[in-house]
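Breakdown of the fold
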Amino acid sequence: MTEFSTAPLLDGREQHFRIPGPHPGMSLFLRFLPAAETDSQPRRVVLYVHGATFPSALSVAYRFDGKSWRDALGEAGFDVWGLDFYGFGHSDRYPEMEEPAADNPPLCGAQDAAKQLEAAIRFILGHQNLEKLSLNSHSWGSMPASLFAATHPALVDRLVLFAPIGRREPRRYEAPAPFPAWRIITAEDQWNRFIEDVPAHEPPVLSPVHFDEWKKRYLDSDPESRSRDPAGVKTPLGPFSEIIKAWHGQLAYDPGQVRSPVAIIRGAWDGLMLDDDAHWLFDAFTQSSSKRDIKIGRGTHLMHLEAMRPALWRESVSCLLGGDVAPIPAELN
């Protein structure tokens, strides 16, 4: 199998870890950047859970003009971790990814990913001697993150869901289409995703110059990407399959089982998280101790890489810091 173990440091203070995952013989990759103020007490720790097509190095840790979402979290006092799921970034690839895509079912579904997430969280808590941490997810990553939060409430402090996927009612007689194990995603595919939801009369929210540098790093995430024509990254299709199932009434988790504070943050131009989706999801978190639904203008499903990313960073920091519920006077208890 192709070697994915060597990962360049994205920051001089960054640390890398390879840990056992739920699949025997397969390891998971974690990157860690401690907070700018390392002596702060108590420790605040957040783990980033990536979406369906690219890993932590290309999302929370990717620096546009010298600054990343991870940097913003670190400046706010958070130790920031990033997990690459099996089949992404520097984690091991599924053996099935060496076989024809049609020979196996979709890889890295939400249940499988939640077990990978559990392995990462238990390692982080042990490594930092903590009882709980917060989760910050993007898109499909909301599914394994919420699955874990629902089944292990004592281990999750707060839950930020950026551009999560909601449940939609299936149309009559319609069932979700089957998916193969994996597919190749090209840089052009990614560019089309980045621009497809920006209204035609609006200026771009991601510059071609920024994208040209990002796409080089994207192709680097798969050492075999440039051997293909066109160049592209081999990607597990479990996440895509779970998204389509959610839009046919089969969301991978029950939001009503999540008890931690939850924040939904979304862009006004997000074509995958529509207003109705957000309203349904907000209402479905019936047991959450506090909830927010935050909508940011001029942002799409990929706002963390766009012009409005500083607004996303600020809102996520605010949600993760907490302090959003005033104490009830004793005489009213």
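Bear in mind the structure is a predicted one, so any value in this text is a computation, not a measurement. (Residues numbered from 1 in each chain as written. Predicted model: local features only at pLDDT ≥ 70, side-chain atom pairs only at ≥ 80, totals over all residues. Heavy atoms only, no water.)

1. Notes on the overall build of the protein chain
Helices and strands together make up the secondary structure of the protein chain, namely 8 helices and 10 strands. For 333 residues, the compact-globule estimate of 2.2 N^0.38 gives 20 Å, and the C-alpha radius of gyration of the protein chain, at 19 Å, lies within 12% of that figure. Dimensions of the protein chain along its principal axes, counting C-alpha atoms only, are 70 × 50 × 45 Å. Put simply, the protein chain has 333 residues, and 54% of those count as buried. Considering only contacts in the protein chain between residues 6 or more positions apart, those separated by 24 or more positions represent 76%. Accessible surface computed for the protein chain: about 14400 Å², of which carbon and sulfur atoms make up 53%. Separation between the mean location of the 34 positive side-chain charges and that of the 44 negative ones in the protein chain comes to 2 Å. (Helix = DSSP H or I, 4+ residues; strand = E, 2+ residues; numbered from the N terminus. Rg over C-alpha atoms; globule rule 2.2 N^0.38 Å. Buried < 20%, exposed > 50% of the residue type's maximum accessible area, 1.4 Å probe, protein only. Contact = heavy atoms within 4.5 Å. Areas by Shrake-Rupley, 256 points an atom, 1.4 Å probe, with all protein chains shown as cover. Lys, Arg positive; Asp, Glu negative; His and termini not counted. Charge placed at Lys NZ, Arg CZ, Asp CG, Glu CD.)

2. A few points about helix H3 (residues 142-151)
Burial within H3 is extensive, with 9 of its 10 residues counted as buried. For H3, the set of buried residues is Ser142, Met143, Pro144, Ala145, Ser146, Leu147, Phe148, Ala149 and Ala150. Against the buried residues of H3 lie strand E3 (44-49), helix H2 (110-128), strand E5 (133-138), strand E6 (156-162) and helix H6 (238-246).

3. Things to note about the environment of phenylalanine 179
Looking at the secondary structure, you find phenylalanine 179 in the loop between E6 and strand E7 (182-186). Its relative accessible area of 25% is what places phenylalanine 179 among the partly exposed residues. Considering only alpha carbons, one finds phenylalanine 179 and histidine 127, 52 residues apart in sequence, at a separation of 38 Å. Among all residues touching phenylalanine 179, those that are not within four sequence positions of it are Asn104, Pro105, Pro106, Leu237, Phe240, Ser241 and Ile244.

4. Quick look at the layout of surface pockets
If you add up the space inside the largest pocket, you get close to 300 Å³. Around the largest pocket, the lining is made up of 16 residues, and of these Pro8, Leu10, Ala57, Leu58 and Arg217 lie nearest the centre. In terms of residue class, the lining of the largest pocket is built from 8 nonpolar, 3 polar and 5 charged. Empty space within the second largest pocket amounts to approximately 220 Å³. Around the second largest pocket, the lining comprises 16 residues; the ones closest to its centre are Arg193, Phe240, Ile243, Leu272 and His301. No other element matches the 3 residues that H6 contributes to the lining of the second largest pocket. Per-class residue counts for the lining of the second largest pocket are 8 nonpolar, 5 polar and 3 charged. (1 Å grid on protein atoms, 1.4 Å probe; cavity = no way out; pocket = protein on both sides within 12 Å on 5 of 7 lines; lining within 4 Å. Points joined across faces, edges and corners; volume = space filled by probe spheres on them. Nonpolar A, V, L, I, M, F, W, Y, C, P; charged D, E, K, R; others polar.)

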